[in-house]
Amino acid sequence: MALKEGLRTWKRIFWQLILLGFGLSGLLLYGLPIVRARPDVLTCTSWGAPIIWDGTFDPAVAQQEALQQNLTIGLTVFAVGRYLEKYLARFLETAEQHFMVGQRVVYYVFTELPAAVPRVALGPGRGLRVERVVRERRWQDVSMQRMRTLHEALHGRLGREAHFVFCMDVDQHFRSSFGPEALAESVAQLHAWHYHRPRWLLPYERDARSAAAVAPGEGDFYYHAAVFGGSVAALRGLTGHCARALQRDRERGLEARWHDESHLNKFFWLHKPAKVLSPEFCWSPDIGWRAEIRRPRLLWAPKEYALVRD
Ligand SMILES: CC(=O)N[C@H]1[C@@H](OP(=O)(O)OP(=O)(O)OC[C@H]2O[C@@H](n3ccc(=O)[nH]c3=O)[C@H](O)[C@@H]2O)O[C@H](CO)[C@H](O)[C@@H]1O
Ligand SMILES: [Mn+2]
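Quick caveat: nothing in here was measured; it's all calculated off a predicted structure. (Residues numbered from 1 in each chain as written. Chains lettered and ligands numbered in written order. Predicted model: local features only at pLDDT ≥ 70, side-chain atom pairs only at ≥ 80, totals over all residues. Heavy atoms only, no water.)

## So, the coordination of the manganese ion (ligand 2)
Now for step 1: Looking at the metal site, the manganese ion (ligand 2) is ligated by Asp-169 (OD), Asp-171 (OD) and Asp-171 (OD), spaced 2.1 to 2.5 Å from it.
Now for step 2: Among the residues examined, Asp-169 registers a relative accessible area of 18% and is labelled buried. (Donors = N, O, S within 2.8 Å, 3.2 Å for Na, K, Ca; no water. Buried < 20%, exposed > 50% of the residue type's maximum accessible area, 1.4 Å probe, protein only.)

Listed below in structure tokens is the structure:
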């Protein structure tokens, strides 16, 4: 009899513990603010800027926050020469699916052939403007000239109609959501091939004569010029700095190792970005699988230089 009684008590305690376990985990999941963290990666720079990884933000909160500010977000892209037919349609089509969905967006396409810009069906609140540029002879000059052209555009219509702007390469496409979590006063993109390398191995311009020179022991990260962004005011500063530095080098017969990207890296060393995007935001599939890359947002196109570069 006593044995039966004891067994029943134990059974009751057992079920109470199970219920308590469920209750506590329910409370943790729903009752308390969800703590999202990525203990596997660096999520903050030494100057206190967030490094945005999947799982460190709530997309719905970022979306709400941006909607309240009634923003217009610019996205600039250059498609000069064969880069237009090869990449532009996919870049724009996938941007329609993934870039700042739900926000007001204005694309700025810079090309020497406005008539060849593909007609992409745009969602509500999204517009596209085409700006004519002259075609530079060398691909390096096309790439570098972007800084001067962007600087002028930011002092023109683009600067008047947008609050924040992202400037991107065209040889990539969106794979998943690239939303307002990426917005900040100035935004830099960690380079997918270099984010885990020690500082002395980063491919900064080392020639001290160049305006892009980064001395040994200097530099925070190596940033990718395929994605950068920020407020109109901050980007006026960035593009103006880089355009002047590129001009200074040209006058001295110098060309930095990675062209405009070298100057961008020098700029971000001198003026720290307010937000840094993890390599998930602009990933190269050639690198292969990495545990910390959960959800790539932009994917590099395979490099087909022989096809697109003269
Ligand atoms: C891994 C790698 O190699 N990275 C470098 C390489 O990037 P990329 O190989 O990604 O450069 P890229 O060929 O994509 O050129 C940059 C961008 O300029 C535009 N564009 C360029 C040339 C052209 O004829 N037409 C045109 O529209 C286009 O938007 C393109 O995406 O070169 C860049 C420009 O120097 C940077 O230095 C990068 O660090
Ligand atoms: Mn590129």
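There is more to say, and it comes next.
## Here's the deal with the nonpolar core
Now for step 1: Counting residues in hydrophobic clusters, the biggest one holds 81 residues, and the most contacted among them are Phe-99, Phe-166, Met-168 and Phe-178.
Now for step 2: At 7 residues, the largest contribution of residues to this core is made by helix H3 (residues 83-98).
Now for step 3: Residues in contact with Phe-178, not counting those within four places in the same chain, are His-98, Phe-99, Met-100, Phe-166, Met-168, Val-227, Leu-277, Phe-281, Arg-297 and Leu-298. (Core = buried A, V, L, I, M, F, W, Y, C linked by side-chain atoms within 4.5 Å. Helix = DSSP H or I, 4+ residues; strand = E, 2+ residues; numbered from the N terminus. Contact = heavy atoms within 4.5 Å.)

## As for unusual backbone geometry
Now for step 1: With phi around 50°, Asn-70 is a residue other than glycine that occupies positive phi space.
Now for step 2: Note that Asn-70 resides in the loop between helix H2 (59-68) and strand S2 (72-78).
Now for step 3: A positive phi angle, near 55°, is found at His-259, a position not held by glycine.
Now for step 4: Here His-259 lies in the loop between helix H6 (232-251) and helix H7 (260-270).
Now for step 5: With relative accessibility at 9%, the residue His-259 sits in the buried group.

## Overview of the UniProt feature "binding site: an alpha-L-fucosyl-(1->2)-beta-D-galactosyl derivative" (unreviewed entry) in the chain
Now for step 1: What UniProt calls "binding site: an alpha-L-fucosyl-(1->2)-beta-D-galactosyl derivative" (unreviewed entry) maps, in this numbering, to His-191 and Glu-261. Taken together, the annotated residues stretch across 71 residues yet fold into one region, lying no more than 10.6 Å apart by C-alpha.
Now for step 2: Note that His-191 resides in the loop between strand S7 (186-190) and strand S8 (223-231).
Now for step 3: Sequence-distant contacts of His-191, defined by excluding residues within four places in its chain, comprise Tyr-222, Tyr-223, His-224, Glu-261 and Trp-300.
Now for step 4: Along the polypeptide, Glu-261 turns up in helix H7.
Now for step 5: There is a polar contact of 2.8 Å between the side chain of Glu-261 and the backbone nitrogen of Ala-225. (UniProt positions renumbered as here; feature names shortened; annotations may be inferred. Polar contact = N/O pair within 3.5 Å; in protein donor to acceptor, adjacent residues only side chain to side chain.)

## Considering the side chain of Glu-96
Now for step 1: Counting through the fold element by element, Glu-96 comes out in helix H3.
Now for step 2: Engagement of the side chain of Glu-96 in a polar contact is seen with the side chain of Arg-126, the distance being 2.6 Å.
Now for step 3: Ignoring sequence-local partners within four residues, the contact set of Glu-96 consists of Val-101, Tyr-107, Val-120, Ala-121, Leu-122, Gly-123 and Arg-126.

## Points about the site of ligand 1
Now for step 1: Neighbouring residues of ligand 1: 18 residues in total, closest Phe-78, Tyr-83, His-259, Glu-261 and Tyr-305.
Now for step 2: Separating an oxygen atom of ligand 1 from a side-chain N or O atom of Tyr-83 is a distance of 2.5 Å.
Now for step 3: The fraction of the free accessible surface of ligand 1 (720 Å²) that becomes covered by protein chains is 93%.
Now for step 4: Elements that contribute at least two residues to the shell around ligand 1 include exactly helix H4 (139-154) and H7. (Near = heavy atom within 4 Å. Areas by Shrake-Rupley, 256 points an atom, 1.4 Å probe, with all protein chains shown as cover.)

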